[in-house]
Amino acid sequence: MKHEYLLEQMKSRMPEKRFIHTRGVAETAIQLAELYGEDPEKAEIAGILHDSVKYAEQEWLRSIIVSQNMNPVLLDFNHELWHAPVGSYVAKTEFQIADEDILKAIEFHTTGRAGMSKLERIIYVSDMIEPSRKFSGVEPLREKAKIDLEEAMTSCIKHSISFLIEKKQPVFPDSFHCYNDLIQQRGKVKE
């Protein structure tokens, strides 16, 4: 029942295309959670709420970042990143989500970070590969996600960083830390 309520809340906060994306992220997150031994209910909740404030006013997002003492470096980067940490705050305060793993999955679904939990990786990957996503290279990412979550996460963060570099956009430091952490954990760093 809670999931239906959350979906209704999201439907009123975003355009239809983004709502389709949100449902796709939630459904993909459930599938990946079941495949990789994570709690599907937690994955669904994080998937539903991940873009809850994507269409909020920029100044309001800024005010929450400041008033809640969030990472001030966020304000030096594109406002597109702001909806993730503020969305985590809204999940906690408005929707009474107390599970820290769900909150972190929402907070870092755009940038990634070093030391991501399995649920965080599932939401990050689901956001990138859900069925309505259409970009060059999405199919190989979808295939990797069916086989190896770590490889899928590494490929997804690499794709995000490469895309930003190609567009001459700055890359948030957490994304580099995420990539480095994933590579080091897999033992791919040459001594």
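Residues numbered from 1 in each chain as written. Predicted model: local features only at pLDDT ≥ 70, side-chain atom pairs only at ≥ 80, totals over all residues. Heavy atoms only, no water.

A count of helices and strands for the protein gives ten helices and zero strands. Counting from the amino terminus, the protein carries its helices and strands in the arrangement α-α-α-α-α-α-α-α-α-α. Whereas a compact globule of 191 residues would reach a radius of gyration of roughly 16 Å, the protein reaches 16 Å, a difference of no more than 12%. C-alpha extents for the protein along the principal axes are approximately 45 × 35 × 30 Å. The 191 residues of the protein split such that 49% are buried. Residue pairs in contact within the protein that sit at least 24 positions apart in sequence constitute 62% of those at least 6 positions apart. As presented, the protein carries roughly 9900 Å² of accessible surface, and 52% of it is formed by carbon and sulfur atoms. (Helix = DSSP H or I, 4+ residues; strand = E, 2+ residues; numbered from the N terminus. Rg over C-alpha atoms; globule rule 2.2 N^0.38 Å. Buried < 20%, exposed > 50% of the residue type's maximum accessible area, 1.4 Å probe, protein only. Contact = heavy atoms within 4.5 Å. Areas by Shrake-Rupley, 256 points an atom, 1.4 Å probe, with all protein chains shown as cover.)

Further remarks concern the pattern of salt bridges. Tallying each qualifying case throughout the model produces twelve salt bridges. The closest approach of N and O atoms between glutamate 59 and arginine 62, which form a salt bridge, is 3.6 Å. Highlighted residues: glutamate 59 and arginine 62, both in helix H4 (residues 58–67), separated by three residues, approximately one helical turn. Classification of glutamate 59 as exposed rests on a relative accessible area of 51%. (Salt bridge = Lys/Arg side-chain N within 4 Å of Asp/Glu carboxyl O.)

This paragraph deals with helix H9 (residues 149–166). The end-to-end C-alpha separation of H9 is 25 Å, in line with the 26 Å expected for 18 residues at 1.5 Å each. Those residues of H9 that sit buried are Leu149, Ala152, Met153, Thr154, Ser155, Cys156, Ile157, Ser160 and Ile161. In the core, the buried residues of H9 are packed alongside helix H2 (16–36), helix H7 (118–129), helix H8 (138–147) and helix H10 (173–185). Its side-chain oxygen 2.9 Å from the backbone nitrogen of glutamate 150, aspartate 148 forms the N-cap of H9. In the stretch just after H9, lysine 168 is the one whose phi turns positive, near 55 degrees. (Expected span 1.5 Å × (residues − 1). Polar contact = N/O pair within 3.5 Å; in protein donor to acceptor, adjacent residues only side chain to side chain.)

Okay, the packing of aromatic side chains next. Counted under the stated rule, the structure contains two aromatic pairs. On the basis of an interplanar angle of 65 degrees and a centroid distance of 6.5 Å, the ring pair of tyrosine 5 and phenylalanine 95 is categorised as edge-to-face. On the criterion of sequence distance, the pair formed by tyrosine 5 in helix H1 (residues 2–11) and phenylalanine 95 in the loop between helix H5 (83–93) and helix H6 (100–107) is long-range, its members being 90 residues apart. A relative accessible area of 3% means that phenylalanine 95 is categorised as buried. Directly above the ring of phenylalanine 108 sits arginine 113, whose terminal nitrogen or CZ lies 5.1 Å from the centroid. (Phe/Tyr/Trp six-rings, centres within 6.5 Å; stacked < 30°, edge-to-face > 60°. Lys NZ or Arg CZ within 6 Å of the ring centre and 35° of its normal.)

Helix packing geometry: the angle between the two helix axes and the distance between the axes. Direction vectors running N to C along H7 and H9 enclose 55 degrees, while the axes themselves pass 10 Å from each other. Classified by the angle their axes make, H7 and H9 are oblique. Note that H7 runs across H9; the crossing there is left-handed. Along its contact with H7, which presents Lys118, Arg121, Ile122, Tyr124, Val125, Met128 and Ile129, the element H9 presents Leu149, Glu150, Ala152, Met153, Cys156, Ile157, His159 and Ser160. For the contact of H7 with H9, the residue count by class is ten nonpolar, two polar and three charged. (Axes fitted to C-alpha atoms, helices over the stretch in contact; angles between N-to-C directions. Parallel < 35°, antiparallel > 145°, perpendicular 65-115°, else oblique. Left-handed = near helix turned anticlockwise from the far one by under 90°. Nonpolar A, V, L, I, M, F, W, Y, C, P; charged D, E, K, R; others polar.)

You can see isoleucine 30 is positioned in helix H2. Leave out the neighbours within four places in its chain, and isoleucine 30 touches Pro40, Ala43 and Glu44.

Here we come to the nonpolar core. In terms of nonpolar packing, the biggest core is built from 53 residues, with Leu49, Val86, Ile97, Val125, Ile129 and Met153 touching the most fellow members. Among the elements that line this core, the one with the most residues is H7, at seven residues. (Core = buried A, V, L, I, M, F, W, Y, C linked by side-chain atoms within 4.5 Å.)

Turning our eyes to something else, we now look at the environment of leucine 81. Residue placement: leucine 81 occurs in the loop between H4 and H5. On a C-alpha basis, the gap between leucine 81 and lysine 54 in space is 9.1 Å, while along the polypeptide they are 27 residues apart.

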